[in-house]
Amino acid sequence: MGSLFNPSLNKVSQSSSSYVSNRSTSSQSVERQQKLTSENTIGASPERDPRSKPEKGSFDIFRTTNVGLPKLNKPLHVLNKEKKKDFERFKNAPEPQYLRSGMVLLKKFINTADQVKVLNKCRELGIGSGGFYRPGYSNGTKLHLQMMCLGKDWDPDSKLYKDSRLFDDVVPPEIPGEFKILVDGALHTAHNFLRRSSRSVEEIPNMSPDVCIVNFYDNSGKLGLHQDIDESRESLAKELPVVSFSVGDSAEFLYGDVRDADKAGKVILDSGDVLIFGGKSRLIFHGVASIKPNTAPAFLINETAVRPGRLNLTFRQV
Ligand code: SIN
Ligand code: MN
């Protein structure tokens, strides 16, 4: 996950192992980029809150009431028609998109049934111990999203990965095996695509995730441009990719070499898309400019009680 604030420079500046000399460019660039980002927060709210602790009580990504939402009990023939349309839409995933070296977008990679499974599982974990909370910084600002970590905790304020959460000492749930299978499949698909397009599979190194950061954005959610640089020195030096799943409403995703939204590339991440950035793109600045309301596919609304908004899962080997 990204670091904009209080970056942990020590991780990359303590150098001596052999890969540093091989990868000195990458190491130096981490250090340089960390300095560049040092005075910022990730899409943090300007409102001041004297508490440094996250808000209490877990957040349910499923609706607890139907007030103000579209009619939910649609006639069966309408549900079946929508289901068929969605199924057709996801049956044949389009060719992946090559965004830049090390960065590939797998459109519609997660099929309808798996998207429902991901949502249900995140809902179940999210309301349990170690579930969703609204993170913030010790200066009182809050991020515009709800977050939950799986595998290990990542704390946006200290920028540290730990076995248990700093604010309540809870050990995060494991990453579900089904999620890891999807990550594996996505990397495999990206590698096959690189091969087919006569590029080197080494553009995207392989990885086996030990942390997943799950974010839920409501329709006003966003995340400022940042780099993911809190992973271990080894992970960053090997340029191990971040694999990102999107489920629910679509998002406008920005990415680029500098922390400047005007210079950033823009891509829409729809439900079921998987974005991979590793190799030469591992340290890109990236963020979520906006969530597009009412863009989630009908099957998700019909088959789950998901709130309006977007779920994002980023997997990494830290
Ligand atoms: C992140 O950078 O941590 C999340 C990106 C996203 O929501 O797509
Ligand atoms: Mn990030």
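It should be emphasised that the depicted structure is a prediction, and the values quoted were computed from it without experimental measurement. (Residues numbered from 1 in each chain as written. Chains lettered and ligands numbered in written order. Predicted model: local features only at pLDDT ≥ 70, side-chain atom pairs only at ≥ 80, totals over all residues. Heavy atoms only, no water.)

Considerations on the confidence of the model for the protein chain
- This prediction gives the protein chain a mean pLDDT of 84; 76% of its residues lie at or above 70.
- Here residues 1–41 scores under 50 on pLDDT; set against residues more than four positions off or in separate chains, the count is 95 contacts. (pLDDT = per-residue confidence, 0-100. Contact = heavy atoms within 4.5 Å.)

As for the coordination of the manganese ion (ligand 2)
- Here the manganese ion (ligand 2) is held by His226 (NE2), Asp228 (OD) and His286 (NE2), and the distances to it run 2.2 Å.
- In the primary sequence, the donor residues of the manganese ion (ligand 2) line up as H-x1-D-x57-H. One end of the pair, His226, is in strand 8 (residues 223–228); the other, His286, is in strand 13 (residues 285–292), with 60 residues separating them in the sequence. Comparing His226 with His286, the two get one shared label, buried. (Donors = N, O, S within 2.8 Å, 3.2 Å for Na, K, Ca; no water. Helix = DSSP H or I, 4+ residues; strand = E, 2+ residues; numbered from the N terminus. Buried < 20%, exposed > 50% of the residue type's maximum accessible area, 1.4 Å probe, protein only.)

A closer look at the sheet that holds strand 12 (residues 274–277)
- One open sheet holds the 7 strands; their spatial order is 2-3-12-9-14-7-4, and the pairing between them is antiparallel. Each having just a single partner strand, strand 2 (97–100) and strand 4 (146–150) make up the two edges of the open sheet. Ignoring which end each strand starts from, the neighbouring axes of this sheet average 20° apart.
- Two strands pair when backbone bridges link them, and strand 3 (residues 103–106) and strand 12 are joined in this way by 4 bridges, in the antiparallel orientation. Opposite Met103, over in strand 12, you have Phe277 as the bridge partner.
- Together, strand 4, strand 7 (211–217), strand 9 (242–248) and strand 14 (310–316) form the strand contacts of helix 5 (residues 112–126), whose direction differs from that of strand 14 by roughly 85°.
- Docked against the sheet, helix 6 (residues 177–196) engages strand 2, strand 3, strand 4, strand 9, strand 12 and strand 14, running at close to 115° with respect to strand 3. (Pairing = 2+ DSSP bridges. Axes fitted to C-alpha atoms, helices over the stretch in contact; angles between N-to-C directions.)

Points about the pairing of strand 14
- The buried fraction of strand 14 amounts to 7 of the 7 residues, a majority that puts the element mostly inside the structure.
- Taking every second residue as pointing to the same face, both faces of strand 14 are buried, with Arg310, Asn312, Thr314 and Arg316 on one and Leu311, Leu313 and Phe315 on the other.
- Relative to strand 14, strand 7 is paired through 7 bridges, and the arrangement is antiparallel. Residue pairing for strand 14: Tyr217 is matched across the bridge by Arg310.
- Sheet topology places strand 9 next to strand 14; 6 bridges connect them, and they run antiparallel. Across the sheet, Val247 pairs through a bridge with Leu311, a residue of strand 14.

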